[in-house]
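# Structural overview
The residues making up each chain are set out below.
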Amino acid sequence: GAVVSQHPSWVICKSGTSVKIECRSLDFQATTMFWYRQFPKQSLMLMATSNEGSKATYEQGVEKDKFLINHASLTLSTLTVTSAHPEDSSFYICSARDPTGGSQPQHFGDGTRLSIL
Amino acid sequence: RKEVEQDPGPFNVPEGATVAFNCTYSNSASQSFFWYRQDCRKEPKLLMSVYSSGNEDGRFTAQLNRASQYISLLIRDSKLSDSATYLCVVRGGSYIPTFGRGTSLIVHP
């Protein structure tokens, strides 16, 4: 079964709306979660690393004020796309690493398909 | 040079064919290597890890060449259900993986 739950799976909003995406680790505590964005026919691009109890680390070119990340507990990280515009339309995926072991580098959520009209 | 490079394809092969994908990485300090499979509009799913000695899982064989900094994936006896995008993933000591852009495979009847 899924070990990382991401919600919602599909969002269609008007331009200017803020959208919050949740990522939950179900079977383990994740001190670190990762947020990716994937445009059609492109690779997964890391946006930011979310750290429980501290500020997220953003990759170069990703606007902190545009993509707000909150990691308030060991099982939940949220990504808020503020004042979303059509160019923000993309596939957003979160992942978490289970620190208790296992060879799999990341457990992924199902992804959120964001469409801004 | 990109950190992880893959031929985007698409590779269009008939059922039963053998197909191979290569992936090169730029960071010689990379420690872990993986192949993920991603179906359209879905999240990536781990296909297999890649070990230094090479490893096989059914019809899938992965190889690692550290000297040349490339990884390969061989799929034998291709099935229609193998159609997907195959992502090469490389990870260093920071546990943050780097993804290639993926190689698209289309298996036709």
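My aim in this report is to walk through the structure given alongside it, one point at a time.

Reading guide: rules and limits
- Each chain has its residues counted from 1, following the order in which its sequence is written.
- Here the convention is simple: chains get letters from A, ligands get numbers from 1, in the order in which they are written.
- Whole-chain, interface and lining totals are the exception, using all residues; otherwise, since this is a predicted model, local features are given only for residues with pLDDT of at least 70 and side-chain atom pairs are given and counted only at 80 or more.
- Calculated side-chain values reflect all of the structure's heavy atoms, with hydrogen atoms and water omitted.
- Runs of H or I in DSSP of at least four residues are treated as helices and runs of E of at least two as strands, each being numbered from the N terminus.
- Type-normalised accessible area, obtained with a 1.4 Å probe on protein chains alone, sets the label of each residue: buried when under 20%, exposed when over 50%, and partly exposed for intermediate values.
- Residues count as neighbours in contact if any of their non-hydrogen atoms are within 4.5 Å of one another.

### Looking at unusual backbone geometry
Following His7(A), the chain continues to Pro8(A) via a peptide bond in cis, the omega torsion being 0°. Among the structural elements, Pro8(A) can be located in the loop between strand 1 (4-7) and strand 2 (10-13). Here the bond from Gly9(B) into Pro10(B) is cis, since omega is 10°, no more than 30 degrees from zero. Along the polypeptide, Pro10(B) turns up in the loop between strand 1 (4-6) and strand 2 (11-14). Positive phi, close to 55°, is recorded for Gln69(B), a residue that is not glycine. In this fold, Gln69(B) is placed in the loop between strand 7 (60-65) and strand 8 (70-75). Residues other than glycine seldom take positive phi values, yet Asp77(B) does so here, at roughly 50°. Structurally, Asp77(B) can be placed in the loop between strand 8 and strand 9 (84-91).

### Observations regarding the environment of Glu22(A)
All names here are of chain A. The topology assignment puts Glu22 in strand 3 (residues 19-25). For Glu22, a relative accessible area of 25% corresponds to the partly exposed category. The spacing of Glu22 and Gly53 is 31 residues in sequence and 16 Å in space, taken between C-alpha atoms. Once residues lying within four places of it in the same chain are set aside, the contact partners of Glu22 are Ser5, Gln6, His7, Trp35, Leu76, Ser77 and Thr78.

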